[in-house]
Amino acid sequence: MATAVKPDIKLEPSPNPFEVAQQQLDEAAELLELDTAIHHLLRWPLRELHVTLPVRMDDGSTKIFHGFRVQYNDARGPTKGGIRFHPDETIDTVRALAAWMTWKTAVVDIPLGGAKGGVICNPKELSDGELERLSRAYIRQVGRMLGLKKDIPAPDVYTTPQIMAWMADEYAFMKGYNEFGVITGKPLALGGSAGREDATARGGIYCLREAGKILDIQLDGATTAIQGYGNAGSFAHKLGAELVGLKVVAVSDSRGGIYSKDGLNYSDVLAHKQNTGSVIDLPGTEAITNDALLELDVTVSIPAALESVCTVRNAADIPAKIIVELANGPTTPEADKILYKAGTYVIPDFVCNAGGVTVSYFEMVQNAYNYYWTEQLVHERLDEKMTAAFHAVHDVAQVYNVHNRLAAYLVAVNRVAEAVKLRGWVA
Ligand code: NAD
């Protein structure tokens, strides 16, 4: 009897992140009394491509991978969004992330739309050679819908500047000339921007600084827990301590977490993660699970890993005063309501983590005129954008008497809807 082939495309996780994104939009549309056709248009991606990628493995076999690129909405400009390599990737995750990119570029008011890409794979199980061949295979398929004036990818979970460099190189071969601006988050030697590496965390910490002022919460010495210790989470540790004086007492990654009531030193955790591949088992710390980390009695909680970690199941048990959402989609709509009622100040994902795309946009601008800014200038311009976006959202939340995420939707959806209308897409 033939054995069944194990499905390699997973069903949507629960809760389905795209349904969450649509539900969030629906709430904003109702409050804005949005035109019905515009509302329906904004509920769906304009375009999406599903690709199948044969990749030669080191042992000589060929493995088939599946990937996606979703261009959600380009009413305000070319679409932009990262590429995620993750074993649990689904088309609905990519759709949700592409929708959030649309709202993110609008809320920080940069002239771009939203997109996202992904490949179902576990990069930890791939050699460098296999990872390079997979990255190039993805661009050979998806490259046809990319372009400086069409769609510009960037890194996301488990994709790195090196992967962006391979992708930019493959794209250059397809075009017959270098067009580095088509991918951002590249290494500095290939037209990357100063300040891109820590931009997501830096933008989030700028927002936290503003929230601290508004709420009159002393951030210097404020206890903090960070879930996820990759690009966003590890730089949040470093910059949170450096810029506002946070005392980080717990951090975690996919293998678990660590806790120390006296605070965790950034250099020690980073060195341990670099040496062992994980934050767990750092000498002098206690073990803590990822679930327990979110329920720690801290002033600031920073989810910086994956979506839907704060749900109706645990929202009431999260005591933090401020939640700094560096991850995309960490909080479900039901959890939002519980947190709002409890008086928790949530800095919503597509505002809080918009620093990455903002500096990616700066990278595109610098690539376009082939002249590069200092790190100091990048920081100043990022601060200006993030501070303006934070206050625009905070002010709307006060006017409408709604939670910050809904306020962020009101700001962003209004801007995208205006562009849709001006372009005459909807009568
Ligand atoms: P990354 O690949 O650098 O790091 C991801 C981290 O999350 C790793 O430490 C990993 O171990 C950890 N992780 C994975 N699964 C986990 C789990 N189940 N529980 C706890 N930790 C887990 O990715 P990143 O770039 O830091 O992205 C993290 C989040 O930030 C994602 O939601 C991403 O979409 C969002 N984000 C990143 C950027 C950026 O510029 N890097 C920009 C905007 C948003």
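Residues numbered from 1 in each chain as written. Predicted model: local features only at pLDDT ≥ 70, side-chain atom pairs only at ≥ 80, totals over all residues. Heavy atoms only, no water.

This part is about the sheet that holds strand S2 (residues 62–73). Spatially, S1-S2-S4-S3-S5 is the arrangement adopted by the five strands of the open sheet, whose pairing is mixed. Edge positions in the sheet fall to strand S1 (47–56) and strand S5 (151–155), since each of these pairs with one other strand and no more. Neighbour to neighbour, the strand axes of the sheet diverge by 20° on average, direction disregarded. Judged from the 10 bridges that link them, S1 and S2 form a sheet pairing that is antiparallel. Across the sheet, the residue bridging to proline 54 is isoleucine 64, located in S2. (Pairing = 2+ DSSP bridges. Helix = DSSP H or I, 4+ residues; strand = E, 2+ residues; numbered from the N terminus. Axes fitted to C-alpha atoms, helices over the stretch in contact; angles between N-to-C directions.)

In this section: the packing of helix H12 (residues 355–369) against helix H13 (residues 375–400). Two elements in contact, H12 and H13, have axes whose closest approach is 10 Å; the angle formed by their N-to-C orientations is 130°. As judged from the angle between their axes, H12 and H13 are oblique. The chirality of how H12 crosses H13 is right-handed. Across the interface between the two elements, Gly355, Thr358, Val359 and Phe362 from H12 touch Val378, Arg381, Leu382, Lys385 and Met386 from H13. Among the residues forming the contact of H12 with H13, the class breakdown is five nonpolar, two polar and two charged. (Parallel < 35°, antiparallel > 145°, perpendicular 65-115°, else oblique. Left-handed = near helix turned anticlockwise from the far one by under 90°. Contact = heavy atoms within 4.5 Å. Nonpolar A, V, L, I, M, F, W, Y, C, P; charged D, E, K, R; others polar.)

Close to the ligand lie 24 residues; Tyr158, Thr200, Asn231, Ala305 and Asn328 are nearest. Here an oxygen atom of the ligand sits 3.4 Å away from a polar atom, N or O, in the side chain of arginine 196. Between the ligand and the protein, one listed contact pairs an oxygen atom with a side-chain N or O atom of asparagine 328 at 2.8 Å. Out of a free accessible area of 820 Å², the ligand has 87% covered by protein chains. Of the residues belonging to the shell around the ligand, the class tally is nine nonpolar, nine polar and six charged. Both of domain 1 (46–190) and domain 2 (194–427) provide at least three residues apiece to the shell around the ligand. (Near = heavy atom within 4 Å. Polar contact = N/O pair within 3.5 Å; in protein donor to acceptor, adjacent residues only side chain to side chain. Areas by Shrake-Rupley, 256 points an atom, 1.4 Å probe, with all protein chains shown as cover. Domains from an automatic or database assignment.)

Before going further, it helps to examine the domain arrangement of the protein. Under the domain assignment used here, the protein contains domain 1 (46–190) and domain 2 (194–427). Centre-to-centre, using C-alpha coordinates, domain 1 lies 23 Å away from domain 2. Each side of the interface is counted separately: domain 1 has 38 residues, and domain 2 has 34 residues. Between domain 1 and domain 2, the buried area comes to about 2800 Å², and carbon and sulfur atoms account for 67% of it. Summed over the shared surface of domain 1 and domain 2, the result is two salt bridges. With its nearest N and O atoms 3.2 Å apart, the salt bridge here joins glutamate 307 to arginine 84. For the pair domain 1 and domain 2, the number of links is 15 residue pairs in polar contact (both at pLDDT 80 or more). Residue assignment for the side of domain 1 that touches domain 2 shows that the elements contributing at least two residues are strand S3 (79–86), helix H3 (91–107) and S5. At 10 residues, H3 tops the list of elements feeding residues into the side of domain 1 that touches domain 2. Across the side of domain 1 that touches domain 2, the residue classes tally to 20 nonpolar, eight polar and 10 charged. (Buried area = accessible area lost by both parts, 1.4 Å probe. Salt bridge = Lys/Arg side-chain N within 4 Å of Asp/Glu carboxyl O.)

Throughout the structure, instances matching the rule amount to 25 salt bridges. Residue arginine 84 is joined to aspartate 156 by a salt bridge in which the shortest nitrogen-to-oxygen separation is 2.6 Å. With a gap of 72 residues between them, arginine 84 in strand S3 and aspartate 156 in the loop between S5 and helix H5 (161–175) connect regions that are remote in the sequence. Assigned by exposure class, arginine 84 and aspartate 156 land together as buried. One network of salt bridges, in which partners are shared, links Glu132, Arg136, Arg140, Asp169 and Glu170. (Buried < 20%, exposed > 50% of the residue type's maximum accessible area, 1.4 Å probe, protein only.)

Another point: a nonpolar patch on the surface. Together, Leu31, Val399 and Tyr400 make up an exposed nonpolar region whose accessible area comes to about 290 Å². Residue tyrosine 400 is classed as partly exposed on the basis of its relative accessible area of 38%. (Patch = residues over 30% accessible without salt bridge, like charges linked within 9 Å, V, L, I, M, F, W, Y side chains within 5 Å.)

What follows deals with helix H7 (residues 231–244). With 14 residues, H7 extends 19 Å between its outermost C-alpha atoms, agreeing within 8% with the 20 Å of an ideal straight helix rising 1.5 Å per residue. In the segment just after H7, glycine 245 is the residue with positive phi, at about 80°. (Expected span 1.5 Å × (residues − 1).)

Right, let's get into the packing of H3 against helix H14 (residues 404–422). The N-to-C vectors of H3 and H14 enclose an angle of 90°; their axes lie 8 Å apart at closest approach. Between H3 and H14, the interaxial angle falls into the category roughly perpendicular. On H14, the residues touching Trp100, Thr102, Trp103, Ala106 and Val107 of H3 are Ala408, Tyr409, Val411, Ala412, Val413, Arg415 and Val416. By residue class, the composition of the contact of H3 with H14 is 10 nonpolar, one polar and one charged.

In this section: the packing of aromatic side chains. Taken as a whole and judged by the stated rule, the model has eight aromatic pairs. Ring centres 6.3 Å apart and planes at 45° place the aromatic pair tyrosine 345 and phenylalanine 390 in the tilted group. Separated by 45 residues along the polypeptide, tyrosine 345 in strand S12 (residues 345–347) and phenylalanine 390 in helix H13 bring together distant segments of the chain. Relative accessible area serves as the criterion here: at 10%, tyrosine 345 is assigned to the buried category. The class for phenylalanine 390 is buried, based on a relative accessible area of 3%. Measuring from ring centre to ring centre gives 6.4 Å for tyrosine 369 and tyrosine 371, while their planes differ by 40°; the resulting arrangement is tilted. Among the aromatic residues, those joined into a ring-pair cluster are Tyr72, Trp103, Phe350 and Tyr409. Across the ring face of tryptophan 373, the terminal group of arginine 381 is positioned such that the distance to the ring centre comes to 4.4 Å. (Phe/Tyr/Trp six-rings, centres within 6.5 Å; stacked < 30°, edge-to-face > 60°. Lys NZ or Arg CZ within 6 Å of the ring centre and 35° of its normal.)

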